[in-house]
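# Reading the structure
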Amino acid sequence: MATFNTSLRESGNTSIIDISGDLDAHTSVELERAIQDLIDKGRTNIIINFSNLNYISSAGLGVFMSFIDEVRSKGGDIKFSNMPEKIFQVFDLLGFPLLYEIYDDEHKAIEKFQTTAS
Amino acid sequence: MQKKVRLTYFLFLALIISEVLHLAVDVGLFYAGEARAYLVSFGILVLKDFLACLSVGAIYLLIRRQIELHALPDAVAWVEPEDAFKRGAILIALIIAFLAVYSTLFNPSDFNPDEEILAAAPQTIYTVFKSHLALLTFGSYLLSLFIVAERLILFRRLKNTKSNFILMAAFLALGSVAMFGAKKGDKLNVLAIAFLSVSGLMMLVNLFRLSWILPIKRDEKIRAIFLVPLIIGGIAIAFNGLHLDEHFTAYSFSVSIFLKGVAVFGLLYLVVTLFSLLFYLPTSEAFERKSIEVKNLYAMSKFITDVFEEEKIYDSLVSYAREACGGSSSVWFDMYHPYAQQTRTAESAIASKLPNLQWRDLNGEYGFFKTVAQQNISLETIQRFSSKADFLWKQVAEKKSIVRIDDIENDVRFGAPSSAVKQFWKRIKSTPASSNGIGSIVSVPLLARNKLIGVLCVAKDVEYGFVKEDLELITTFADQAAVAIDNSRLIRELIDKERLQQELLVAQKIQLRLLPQSQPTLNGFQIDGVSYPAYEVGGDYFDYVQIGDRNTTVGIIIADVSGKGTSAAFYMAELKGIVQSLARIYPNSPKEFLCKANETIARGLEKASFISALYGIIDTERSMLHLSNAGHCPAVVVQGDDAKLVKMKGLALGLDKGALFSRHVSEAHIALNVGDVVVLYTDGVIEAVDKHEEQFGYERLMDIARRSRQKSASEIKNDIFNAVNFFTNDGGAVRDDLTIVVLKRCPV
């Protein structure tokens, strides 16, 4: 059984979700709930930190697709950061860099959110 | 059967013959006595005793046979004690009435008191008849009593019970026989005294065998208490009021000893019975309850087998619990429906519209309770009660433990005043209706594998209605039922799973038919492909489309629908339709084809889904492959000794509605020489892992393609597939659907 965990951090107007383990069809439910909770609280500036993620399946990628329209329509965004090379390849192959902002470093993403806000 | 009937007739005949002879002797003696009574010889008296013994023996056997024949099949005692007492009381009354009527009709005084020296001094011939009638009626009655007593004494016999009784009866009989030939007024001889004393001692032993009393019902005991004194009184009246003692003696001295012994024993036994009945009466209710409990527990253990009808288990549980706690109690069972984690808010909203709902967790943390079976209480009453006592359900859901309220009227949880004086006032003022007729209640959770199934509520109209034993019993019922319900659910789950499995196999068959059934024959090209879903059905797809009329242009697609299983399979089927129709409309540019496909698919796909696809058009006349990639794994091209990945920009289908997609998707044009190999595949190949979690990866794929490049397309395909399998063999896994398509240009 693959293990997957999310943990939440806050930095000003931005919420950072650290994900670790394997993100697949089964574990994606947990990430869905984490993101939904943030949206429910009105926190739509979301950064997903991938630094500890081991594997992502297409169902895992679907999670971001299912929320991105709603988040953007509320003036927020979902940005990705700290992707391991292996994970980035999957995103790159499917063309996700065209749809999402992907940063090497989480701070750059936070800065981006702050500059957009001000 | 024949033999039994014949035996009965024989006994009857023996009785009649001995009785008639005996009567003849007595009548003869009477008339002789009129003349010279003192001439009665010892021989005649012995004859009389012998005939009397014969009669009594025949009567005894006849009655015993009748009782035995009419016994219920499984009645150890042959008789129901209460029924026997009832018949006994009626019978003795009839006998007394009959003999009394006889006496008043024919002769008020029976025997001549002055002539004690004579064996019999009946005053009239009617007296002689009366003696015989007395024996036939009252004597038979005493014998019946003796038989019934024997059966009751032998009930739940111990090792010596039977021999004790036989000894008593035998010594009594011996004592009687020892007095053969005696006449009225004779003293008992030494032998008879010895025998009778032993018999008397054995009586004391037998008197206290009363194990039949305990199991009979309380009502029956009460009735028996009234009936037994009637019988005792009847026997006493018969002996003293009707002088039957003297008639027995006149009939036969030795038989009279036996019958008197029987009467004494019978009376003593009845008296002991009476006292025992009185003594056991208070405890009989408890005993009865225990036996009902045992019976119910037994029945409960049987309903474990009722696994196919869960509803039946609820009903049984409710009725058993009610039986165990007394008929006046109200019992109902509330099923627990926990909320699923993702949909709890929605479920809570749906739940509020359901009927028979007792409690709903508004925070959406637990679930709701719904009444599914109830007895002796209406749903409205439960509803009214639950609206005041919702903490009860909440507590059961939270703590999964018994909740018990002894005095609802004065329970602080119901908002009752806490001071005793106020409580007292409230009690005086309140009417029973104010608490819906519920005085105390116990709610027991049904737990299976530490999961809450439901709650069994037992309510009584009185306060403090439950004792410790009640709780234990209800808990036992609840536990048993929980196991049964759990089993039932597991079995149903299993059946459902099996059915689902069957349907998935059908779906699998259908999906396999959506993949190419044969390879197209192309001038100068070999082509072969294979697809293995990770589960029964998958989201991988590959296909060939003939473009144009001749076999010169063929479209080839490989695609991977995001996600796995059934939903992916549906999109895969949809994709096939789109591919088959669009490929002919856009015969020249794979990019155009993909742009159009994206537009169509983006409309129908749900947000979280997307499809990666690689589409190529093979032009056999120019030996060209035109490729376009929508977010799919790059094709491997082996040319000469060199293998490389054809990387192209692109975006998976369904991610974007159109503009972004068409801006970024690109095309590649590859000229294929003889011996060149193109491998198309899905990420199942790349992402297959070995036991160290290392991925199969692009390098291994290119390597195997390069090494097998001399072989046919089918063989290359097999080589790749086998390589992936070998790689994952030892503790690794293919995580996704796996598809491989190989194209090779061969010499014409």
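Structure: see above.
Because the structure is a prediction, the values reported are computed rather than measured.

So, about the overall build of chain B. Broken down by element type, chain B carries 21 helices and 16 strands. Counting across all 748 residues of chain B, residues that qualify as buried make up 39%. In chain B, 73% of the contacts between residues at least 6 apart in sequence involve partners at least 24 apart.

Before going further, it helps to examine the overall build of chain A. A tally of helices and strands in chain A yields four helices and five strands. Helices and strands in chain A line up, N terminus first, as β-β-α-β-α-β-α-β-α. Split into buried and exposed, the 118 residues of chain A put 38% on the buried side. Within chain A, counting contacts between residues at least 6 apart in sequence, those at least 24 apart form 69% of the total.

Right, let's talk about the pairing of strand E12 (residues 635–639) of chain B for a bit. Residue and element names in this part refer to chain B. In terms of residue burial, E12 counts as a mostly covered element, since four of its five residues are buried. Taken together, the five bridges between E12 and strand E13 (residues 642–646) define a ladder with antiparallel strand orientation. The residue of E13 that forms the bridge with Ala635 is Val646. Hairpin connection between E12 and E13: a loop of two residues separates the two successive antiparallel strands, and Gly640 in this loop has a positive phi of roughly 65°. Sheet topology note: the E12/strand E15 (residues 677–681) ladder contains three bridges and is antiparallel. The residue of E15 that forms the bridge with Val637 is Val678.

Moving on, we come to the sheet that holds strand E3 (residues 45–56) of chain A. Residue and element names in this part refer to chain A. On the basis of which strands lie adjacent, the open sheet formed by five strands has the order E1-E2-E3-E4-E5 and mixed pairing. The strands lining the two open edges of the sheet, one partner per strand, are strand E1 (4–11) and strand E5 (102–103). Against the sheet, helix H4 (residues 106–117) touches E1, strand E2 (14–23), E3, strand E4 (77–81) and E5, its axis set at about 160° to E3.

Our next topic: the environment of B:Glu285. Tracing the backbone shows B:Glu285 in helix H9 (residues 253–303). For the pair B:Glu285 and B:Lys217, spaced 68 residues apart in the sequence, the C-alpha separation amounts to 8.2 Å.

Each side of the interface is counted separately: chain B has 18 residues, and chain A has 16 residues. Considering only residue class, the side of chain B that touches chain A consists of seven nonpolar, eight polar and three charged.

Before going further, it helps to spend a moment on the nonpolar core. Looking at soluble globular proteins, one finds that nonpolar side chains tend to be buried together. Residue and element names in this part refer to chain B. Residues Ile611, Ala613, Val679, Ala705, Ile720 and Leu743 are the most contacted members of the largest nonpolar core, which totals 102 residues. When residues in this core are grouped by element, the largest group, eight residues, is from helix H16 (residues 566–585). Here Ala705 is in contact with Val636, Val638, Ala643, Val677, Val679, Ile716 and Ile720, once residues within four sequence places are set aside. Listed in part, the 62 residues of the second largest apolar core include Ile95, Ala182, Phe248 and Val255.

Attention now moves to the sheet that holds strand E7 (residues 525–532) of chain B. All names here are of chain B. The five strands lie next to each other as E7-E16-E15-E12-E13, forming an open sheet whose pairing is antiparallel. The strands lining the two open edges of the sheet, one partner per strand, are E7 and E13. On average, each strand axis in the sheet is inclined to that of its neighbour by 15°, with strand direction left out of account. Of the strand pairs in this sheet, E7 and strand E16 (residues 738–745) are connected by eight bridges, and their pairing is antiparallel. Residue pairing across strands places Val530 opposite Ile740, the latter belonging to E16. Lying on the sheet, helix H21 (residues 713–728) is in contact with E7, E15 and E16; it crosses E16 at an angle near 150°.

On to the packing of helix H5 (residues 161–178) of chain B against helix H6 (residues 190–207) of chain B, then. Residues and elements named next belong to chain B. Between H5 and H6, whose axes approach to 8 Å, the crossing angle comes to 155°. As far as their axial angle goes, H6 and H5 are roughly antiparallel. By crossing handedness, the relation of H5 to H6 is classed as left-handed. Here Asn164, Phe165, Leu167, Met168, Phe171, Leu172, Leu174, Gly175 and Ala178 of H5 lie close against H6, whose contacting residues are Leu191, Ala192, Phe195, Leu196, Val198, Ser199, Met202, Met203, Val205 and Asn206. A class-by-class count of the residues in the contact of H5 with H6 yields 15 nonpolar, four polar and no charged.

In terms of burial, E15(B) is a largely internal element, five of the five residues being buried. Of the two faces of E15(B), both are covered, the one formed by B:Val677, B:Val679 and B:Tyr681 as well as the one formed by B:Val678 and B:Leu680.

One can find A:Gly21 in strand E2. Along the sequence, A:Gly21 and A:Tyr55 sit 34 residues apart, while their C-alpha atoms lie 6.8 Å from each other.

Rules of the game
Residues numbered from 1 in each chain as written. Chains lettered and ligands numbered in written order. Predicted model: local features only at pLDDT ≥ 70, side-chain atom pairs only at ≥ 80, totals over all residues. Helix = DSSP H or I, 4+ residues; strand = E, 2+ residues; numbered from the N terminus. Buried ≥ 20, exposed ≤ 12 C-beta atoms within 10 Å, placed from the backbone. Contact = placed C-beta atoms within 7 Å. Pairing = 2+ DSSP bridges. Axes fitted to C-alpha atoms, helices over the stretch in contact; angles between N-to-C directions. Nonpolar A, V, L, I, M, F, W, Y, C, P; charged D, E, K, R; others polar. Core = buried A, V, L, I, M, F, W, Y, C linked by C-beta atoms within 7 Å. Parallel < 35°, antiparallel > 145°, perpendicular 65-115°, else oblique. Left-handed = near helix turned anticlockwise from the far one by under 90°.

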